[in-house]
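The chain contents come next:
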Amino acid sequence: MARQILPVADRAQVRSYARRLVLKYPRELGTALGLHGLAAVSGLAAPRLLGDLVQDVRTQAAVDVAGVALAIGAFMVVQSVLIGCAVYASSRLGEKVLAELREEFVDQVLALPLSTVESAGSGDLITRTSRDADALSRSVRHAVPETLIAVVTGVFVVGALILNGPLLVLPGLIAVPLLWFSTRWYLSRARDGYLRENAAYADMTEGLAETVEGARTVEALGLAARRHARTDRDIATSWRAERYTLGLRTVWFPSVEIGYVIPVVTTLFVGGLFYIEDWVTIAQVTTATLYVQQLIDPLDRLLSWMDELQVGGAAMARLLGVADVPDDRVAGSARPDGEDLAAADVRYAYREGHDVLHGVDLTVAPGERLAMVGPSGAGKSTLGRLLAGIHGPRTGEVAVGGVPLVDLPLGDLRGHVALVTQEHHVFRGTLRDNLLIARPDADDERIIEALRAVDAWEWAEGLPDGLDTVVGSNGAAVSPAQAQQIALARLVLADPHTLVLDEATSLIDPRAARHLERSLAAVLHGRTVIAIAHRLYTAHDADRVAVVEDGRISELGSHDDLVAEGGSYAALWDSWHGVR
Ligand code: ADP
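Residues numbered from 1 in each chain as written. Predicted model: local features only at pLDDT ≥ 70, side-chain atom pairs only at ≥ 80, totals over all residues. Heavy atoms only, no water.

Right, let's get into the nonpolar core. Formed by 38 residues in total, the largest nonpolar core has its most connected members in Leu101, Leu136 and Met316. Elements supplying a minimum of two residues to this core: α1 (11-22), α4 (65-110), α6 (122-164), α7 (176-213), α9 (224-276) and α10 (282-321). Looking at this core, the element that brings in the most residues is α10, giving eight residues. Setting aside anything within four residues of it in sequence, one finds leucine 101 in contact with Tyr17, Leu21, Leu136 and Val140. Grouped together as the second largest cluster of nonpolar side chains are 34 residues, Leu431, Val454, Trp459 and Ala483 included. (Core = buried A, V, L, I, M, F, W, Y, C linked by side-chain atoms within 4.5 Å. Buried < 20%, exposed > 50% of the residue type's maximum accessible area, 1.4 Å probe, protein only. Helix = DSSP H or I, 4+ residues; strand = E, 2+ residues; numbered from the N terminus. Contact = heavy atoms within 4.5 Å.)

Take a look at the structure:
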């Protein structure tokens, strides 16, 4: 099955983003690079001094070995101090950039349209927020600074090598083709390899998360063997993907190692021949050999971090890809005029080509109570979610006061219409914070008023720290009924004029039901209510009943009218009534 995963950014996007990131703090970057440059320069003195020393010994000039040793020691101390400062400067910069990257990513994830998250599955998103974010932070913390250091150091060493004697640069060049071609070979395959590796890992996470979430279903339907097979298959795919990238490294690493050793040997050997020809001095040969030796370290860093940079680049492509998800709402500036909610020719599909709503028209007047009934799978919940603006319709329009719901900023939308379901998450934090989610500018008085309205102030007042009590996981335990009251109090604070009530999911703990129904009634009071009714007496009490069948509204009218019409609703009512 080809799972639709979230988009992945392309190379150009990653490159331009990385460039923007690197150049965002030019001063900090300049300082870090400058310090690394100075450190590199002070490291260049020792080979030069040693070369001269050898020369002096050769020509039997007066030699001050102690002086030279002291000088080399002094340069090393200076270099160490400079490296320390440089590492500090670049780490600081890295952390700063990383923190911003994370914040940006969190914002993007939170802005993802719900329907995209649902169709892409949570596994992909979880992998991106965990594994990819980690990979990227490794890159930003280590790979990027190390690479920059390596480049700066390398440039200075090569410069020194040329100044020492251009002729002696030549023998070292022999390794260039080997390093060049093996690295190109590797890099051209690595990106796709790592992308595949990460995608395979996401699939595996997705499968496991699904199995755990659906554990009861798996057990009830005896799906264990099938889930097992899927996990095995995912592991096999992931293993193949990892093996491929490991294969790439197995070829590339040894080639590079050989590429490092060859230049040292050839510089010494060919340098010796040049010396015999009298083209260079012995001091130059010594210095050049030491420089070439010194070049191994930055080169090795550069190439080995290339690998990490590739992993980081792949991770970044996946993180940036999240921003490519088209927004499902385009906040306009129009303000709704009135409170009537209207759906016009609404169609909706969870999967392309499979509409579950086929052109629904419905107008709900302010203050009206509308019940939706119909067989399971007819599309009631879907219509409810569309009326609450959770999803935008595929075609057609759902509008409040003449403004399409998808044109309203989320904050405004929730002030007009909200969906009430059984999902009532209590976030870890204070009780106050849990309520402020609905209306960030509410003061304590308003919060207490909302809690009172849903009959919750009694117990909330008794909490050890009142509104400051930490609730949610690890905090003070709140019962499911209390959690539901918190959710209802949020609604009171958000104060939407219309509520869409999904009864199927708001079935509550029977012991608390009576209490909660009072709270709910208080919240519903004075608002437009669209109730997805699973108990027909809800329909009986409503102003109008909409019968949803096969993604269409087949009957619409008051209970009495529909019963008199003798259609599906009348049949439903009869059978239900008969049973009682
Ligand atoms: P009802 O609330 O009347 O029981 P729903 O609106 O839940 O009906 O479902 C209508 C149709 O849409 C059903 O065929 C159902 O299988 C399908 N459906 C509901 N939710 C999803 C989803 N998240 N992904 C794909 N199909 C869905």
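Before going further, it helps to spend a moment on the site of the ligand. Inspection of the region around the ligand gives Tyr350, Val356, Pro375, Ser376, Gly377, Ala378, Gly379, Lys380, Ser381 and Thr382 as its neighbouring residues. A distance of 3.1 Å separates an oxygen atom of the ligand from a polar atom in the backbone of alanine 378. A distance of 2.9 Å is found between an oxygen atom of the ligand and a backbone nitrogen or oxygen belonging to glycine 379. Taking 560 Å² as the accessible area of the ligand by itself, protein coverage stands at 59%. Counting residues per element, the shell around the ligand draws most heavily on helix α11 (residues 380-387), which supplies three residues. (Near = heavy atom within 4 Å. Polar contact = N/O pair within 3.5 Å; in protein donor to acceptor, adjacent residues only side chain to side chain. Areas by Shrake-Rupley, 256 points an atom, 1.4 Å probe, with all protein chains shown as cover.)

With that out of the way, let us pick up α11. A large share of α11 lies buried, amounting to six of its eight residues. Those residues of α11 lying buried are Lys380, Thr382, Leu383, Gly384, Leu386 and Leu387. In the stretch just after α11, glycine 389 is the one whose phi turns positive, near 75 degrees.

A few words now on the environment of alanine 69. You can see alanine 69 is positioned in helix α4. C-alpha separation for the pair alanine 69 and leucine 50, spaced 19 residues apart in sequence, amounts to 8.9 Å.

All right, on to the pattern of salt bridges then. Under the counting rule described, the total for this entry stands at 19 salt bridges. The partner of glutamate 210 in a salt bridge is arginine 227, with the nearest N and O atoms 3.2 Å apart. On the criterion of sequence distance, the pair formed by glutamate 210 in helix α7 and arginine 227 in helix α9 is long-range, its members being 17 residues apart. Judged by relative accessible area, glutamate 210 falls into the partly exposed class, the value being 31%. Here arginine 432 and aspartate 468 are joined by a salt bridge, their closest N and O atoms 2.6 Å apart. One end of the pair, arginine 432, is in helix α13 (residues 431-436); the other, aspartate 468, is in the loop between α15 (457-461) and β8 (470-471), with 36 residues separating them in the sequence. (Salt bridge = Lys/Arg side-chain N within 4 Å of Asp/Glu carboxyl O.)

Our next topic: the sheet that holds strand β9 (residues 498-502). Across the sheet, six strands lie side by side as β6-β9-β10-β3-β11-β12; this open sheet has mixed pairing. Among the strands making up the open sheet, the edge pair consists of β6 (417-420) and β12 (552-557). With strand direction ignored, the average angle separating the axes of adjacent strands in the sheet is 20 degrees. Each of β3 (369-373), β6, β9, β10 (528-532), β11 (544-549) and β12 is contacted by α11, which is oriented at about 145 degrees to β3, the strand it contacts most. (Pairing = 2+ DSSP bridges. Axes fitted to C-alpha atoms, helices over the stretch in contact; angles between N-to-C directions.)

What follows covers the side chain of threonine 528. The residue threonine 528 is located in strand β10 in this model. Polar side-chain contacts of threonine 528 include one of 2.9 Å to the backbone nitrogen of glycine 367. Setting aside anything within four residues of it in sequence, one finds threonine 528 in contact with Val364, Ala365, Pro366, Gly367, Glu368, His497, Thr498 and Leu499.

Let us now look at the packing of aromatic side chains. Throughout the structure, instances matching the rule amount to four aromatic pairs. Seen in terms of ring centroids, tyrosine 186 and tryptophan 252 are 4.3 Å apart; in terms of plane orientation they differ by 5 degrees. Their pairing is stacked. Of this pair, tyrosine 186 sits in helix α7 while tryptophan 252 is found in helix α9, placing the two residues 66 residues apart along the sequence. On the accessibility criterion, tyrosine 186 (0% relative accessible area) is buried. Both rings, one in tyrosine 348 and one in tyrosine 350, keep their centres 5.1 Å apart while their planes meet at 90 degrees; by these two values the pair is edge-to-face. Classification of tyrosine 350 by relative accessible area gives partly exposed; the value is 43%. Clustering of aromatic rings is evident, with ring pairs tying together Tyr186, Trp252 and Phe253. Here the basic side chain of lysine 96 rests over the ring of tyrosine 25, its NZ or CZ set 4.5 Å away from the ring centre. The ring of tyrosine 244 has arginine 196 lying over it, and the distance from NZ or CZ to the ring centre is 5.0 Å. (Phe/Tyr/Trp six-rings, centres within 6.5 Å; stacked < 30°, edge-to-face > 60°. Lys NZ or Arg CZ within 6 Å of the ring centre and 35° of its normal.)

What follows is about the domain arrangement of the protein chain. Taken as a whole, the protein chain is organised into domain 1 (11-324) and domain 2 (341-578). Placing a centre on the C-alpha atoms of domain 1 and another on those of domain 2 gives a separation of 54 Å. (Domains from an automatic or database assignment.)

It is worth spelling out the sheet that holds strand β1 (residues 341-351) at this point. One open sheet holds the four strands; their spatial order is β2-β1-β4-β5, and the pairing between them is antiparallel. Whereas interior strands pair on both sides, the edge strands pair on one side only; in this sheet they are β2 (354-364) and β5 (403-404). Across the sheet, α11 touches β1, β2 and β4 (395-400), and the angle it forms with β1 is around 120 degrees.

With that settled, consider the packing of helix α3 (residues 45-59) against α4. At a closest axis distance of 9 Å, the pairing of α3 and α4 adopts a crossing angle of 170 degrees. Compared by their axis directions, α3 and α4 come out roughly antiparallel. Within the contact between the two elements, α3 uses Ala45, Ala46, Leu49, Leu50 and Leu53 and α4 uses Val65, Val68, Ala71, Ile72 and Phe75. (Parallel < 35°, antiparallel > 145°, perpendicular 65-115°, else oblique.)

Non-glycine residue aspartate 495 carries a positive phi angle of around 55 degrees. When you line up the elements, aspartate 495 lands in the loop between α16 (480-494) and β9. Aspartate 495 sits in the partly exposed class, given a relative accessible area of 40%. Even without being a glycine, aspartate 550 presents a positive backbone phi close to 55 degrees. Tracing the sequence through the fold places aspartate 550 in the loop between β11 and β12.

This next bit is on a negative patch on the surface. On the surface, a cluster of negative charge is made up of Asp441, Asp443, Glu445 and Glu449. Following the sequence through the fold, aspartate 443 ends up in the loop between α13 and α14 (444-453). (Patch = residues over 30% accessible without salt bridge, like charges linked within 9 Å, V, L, I, M, F, W, Y side chains within 5 Å. Lys, Arg positive; Asp, Glu negative; His and termini not counted. Charge placed at Lys NZ, Arg CZ, Asp CG, Glu CD.)

What follows is about the pairing of β2. The pairing of β1 with β2 spans eight bridges and is classified as antiparallel. Following the sheet pairing, arginine 347 is matched in β2 by histidine 358. Where β1 hands over to β2, the hairpin turn is made up of two residues, of which glycine 353 adopts a positive phi near 85 degrees.

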